[in-house]
Amino acid sequence: MTFHGVRGSTPCHGPDTHRYGGNTSCVSLRVGDESPLILDLGTGVRYLGHQLRTEGRPFVGAALLTHLHWDHVQGLPFFPPVLDAGTRMDIYAPTQDDGRPARVALLDMIKPPMFPVDVSDLPGILDVHTIGDCEFKVGQFSVTSRFIPHIGPTLGYRIEHGGRSVAYLPDHQQPIDGSFDIADAVVNLVEGVDLLIHDSQYTVEEFRHRSDWGHCTGDYALHIARTLNVGTLVMFHHDPSRTDDALDSNLSSWTAGDDDPRVVLAREGMTIAVER
Ligand SMILES: [Zn+2]
Ligand SMILES: [Zn+2]
């Protein structure tokens, strides 16, 4: 599992954030030399695209989108393989509250005046599938999607292959009273996974002021990982205002207990082997 973008909300840049990186949500999961399964298309996907192009074959693969907020889709028109005629990407994204298919809601952003050309003029083929609470196969991966609490229709994913499992919940609204209840859909996705990539945007103090902004604290992420028997918890979707030093000091507060899951801070460029 490789992390190409680990920030939430908006990209950030500068000496205070360069160690963990400033691109927005994008992760890829790869088995052998097959095409990677991409999770979200934030600005980090541009760098993944450059890597894929060096492999000298067209990209034929898939991406799972949690939702259509900018920080999860903005990299799509800048993903270099969309400029290659052999590219074919199946994109899975949630059905929208207004009934629009995900294809319309997503691809409407790639046209003038927001983008210089219309998506239909790009050489690569993008096939968008509208999904909800589903179980399906993508290549050799078994995928479970469930709607989870956030703002607007948002999916979390559980992905399984060869007896190993990953859950991806980058944006997750903690109960706004700050309590630690866990939605049934989240239990479905996360129970017993080897690796959980989870929202950890806010400190407890910040959450008091932004309790209905769609996110959670690192403490809530850790509570989920402990309660649901997770092997490794990757703290993800760092707030753009969080400095590298602040992330380091948060980590020390999350790794105190002996019975804890392993806790890792997501960092751009990091690759983790999924194993128990
Ligand atoms: Zn986000
Ligand atoms: Zn969001």
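Whatever comes next refers back to the structure up there.
These numbers were taken from a predicted model, which means no experiment stands behind them. (Residues numbered from 1 in each chain as written. Chains lettered and ligands numbered in written order. Predicted model: local features only at pLDDT ≥ 70, side-chain atom pairs only at ≥ 80, totals over all residues. Heavy atoms only, no water.)

### A look at the overall build of the protein chain
What counts is decided by this rule: In this description a helix means any DSSP run of H or I spanning at least four residues, a strand means any run of E spanning at least two, and both kinds are numbered starting from the N terminus. Each radius of gyration is computed over the set of C-alpha atoms, and the globule rule expresses the reference value as 2.2 Å times the number of residues to the power 0.38. Categorising residues by exposure relies on relative accessible area from a 1.4 Å probe, with only protein chains included: less than 20% of the type maximum marks a residue as buried, more than 50% marks it as exposed, and the intermediate range marks it as partly exposed. Whether two residues are in contact is decided by their heavy atoms: any pair within 4.5 Å suffices. Residue burial considers only the protein chains on display, and all accessible areas are found by Shrake-Rupley using a 1.4 Å probe. None of His or the chain ends enter the tally, which takes Lys and Arg as positive and Asp and Glu as negative. A single reference atom marks each charge: NZ on Lys, CZ on Arg, CG on Asp, CD on Glu.
Counting its secondary structure elements, the protein chain contains 7 helices and 13 strands. Its C-alpha radius of gyration of 18 Å places the protein chain within 12% of the 19 Å reference for a compact globule of 276 residues. Burial status across the protein chain gives 55% buried among its 276 residues. For the protein chain, restricting intrachain contacts to residue pairs at least 6 apart in sequence, the fraction spanning at least 24 positions comes to 68%. Within the structure as shown, the protein chain displays about 11,800 Å² of accessible surface, and the carbon and sulfur contribution to it stands at 51%. Taken as two groups, the 21 positive and 37 negative side-chain charges of the protein chain have centres that lie 5 Å from each other.

### With respect to the pattern of salt bridges
Let me state the cut-off plainly: Here a salt bridge means any side-chain nitrogen of Lys or Arg lying within 4 Å of a carboxyl oxygen belonging to Asp or Glu.
Tallied over the entire structure, the rule returns 14 salt bridges. One salt bridge connects Arg88 with Asp90, and the closest N-O pair in it is separated by 3.7 Å. When its relative accessible area of 33% is taken as the criterion, Arg88 is described as partly exposed. Among the charged side chains, a salt-bridge network with shared partners connects Arg19, Asp245 and Asp248.

### Some points on the environment of Gln174
Selection criterion: Polar contacts here mean pairs of N or O atoms no more than 3.5 Å apart (in protein, one a potential hydrogen donor and the other a potential acceptor; neighbouring residues in sequence count only if both atoms are side-chain atoms).
In this fold, Gln174 is placed in the loop between strand S10 (164–169) and helix H4 (184–190). Gln174 sits in the buried class, given a relative accessible area of 1%. Placed 46 residues apart in sequence, Gln174 and Tyr220 show a C-alpha to C-alpha distance of 7.2 Å. Excluding its chain neighbours within four sequence positions, the residues that come into contact with Gln174 are Ser179, Phe180, Phe207, His215, Cys216, Thr217 and Tyr220. Within the structure, the side chain of Gln174 is placed 3.1 Å from the backbone nitrogen of Thr217, a separation counted as a polar contact.

### A word on the coordination of the zinc ion (ligand 2)
Ideal geometry at a metal centre gives angles of 109.5 degrees when four donors are arranged tetrahedrally and 90 or 180 degrees when six donors are arranged octahedrally. Just so we agree on the cut-off: Donor atoms: N, O and S within 2.8 Å of the metal, or within 3.2 Å for Na, K and Ca. Because water is excluded, sites can look incomplete. Note on geometry labels: four donors, all angles 85 to 135 degrees, give tetrahedral; four donors become square planar and six octahedral when opposite donors are over 155 degrees apart and every other angle is between 65 and 115; remaining cases are irregular.
Ligation of the zinc ion (ligand 2) by protein atoms is provided by His67 (NE2), His69 (ND1), His150 (NE2) and Asp171 (OD), these donors lying 2.1 to 2.5 Å from the ion. One way to put it: the 4 donor atoms around the zinc ion (ligand 2) meet at angles of 90 to 170°, and that makes the site irregular. Spacing between the donor residues of the zinc ion (ligand 2) along their common chain follows H-x1-H-x80-H-x20-D. Between the zinc ion (ligand 2) and the zinc ion (ligand 1), a separation of 3.5 Å is found, and both are coordinated by Asp171. Here His69, found in the loop between strand S4 (60–64) and helix H2 (70–73), pairs with Asp171, found in the loop between S10 and H4; they are 102 residues apart in sequence, far enough to count as distant. On the basis of relative accessible area, Asp171 is assigned to the buried category, the value being 2%.

### A short note on the side chain of Asp239
Relative to the helices and strands, Asp239 is located in the loop between strand S12 (232–236) and helix H7 (244–254). Here Ser241 takes part through its side chain, which lies 2.5 Å from a polar atom of the side chain of Asp239. Sequence-distant contacts of Asp239, that is, excluding residues within four places in its chain, are made with Arg7, Gln201, Tyr202 and Arg210.

### Thoughts on the sheet that holds strand S2 (residues 26–29)
The test is simple: Here, any two strands with at least 2 DSSP bridges between them count as paired. Geometry is summarised by axes, namely lines fitted to C-alpha atoms with helices restricted to the contacting stretch, and by angles between N-to-C directions that run from 0 to 180 degrees.
The strand order across the open sheet formed by 6 strands is S1-S2-S3-S4-S5-S6, and the pairing between neighbours is mixed. The sheet terminates laterally at strand S1 (2–5) and strand S6 (125–131), the two strands that pair on one side only. Taken over all neighbouring pairs, the strand axes of this sheet differ in orientation by 25° on average, direction set aside. Pairing analysis gives 3 bridges linking S2 to strand S3 (residues 37–39), with the strands arranged antiparallel. Directly across from Val27, in S3, lies its bridge partner Leu39.

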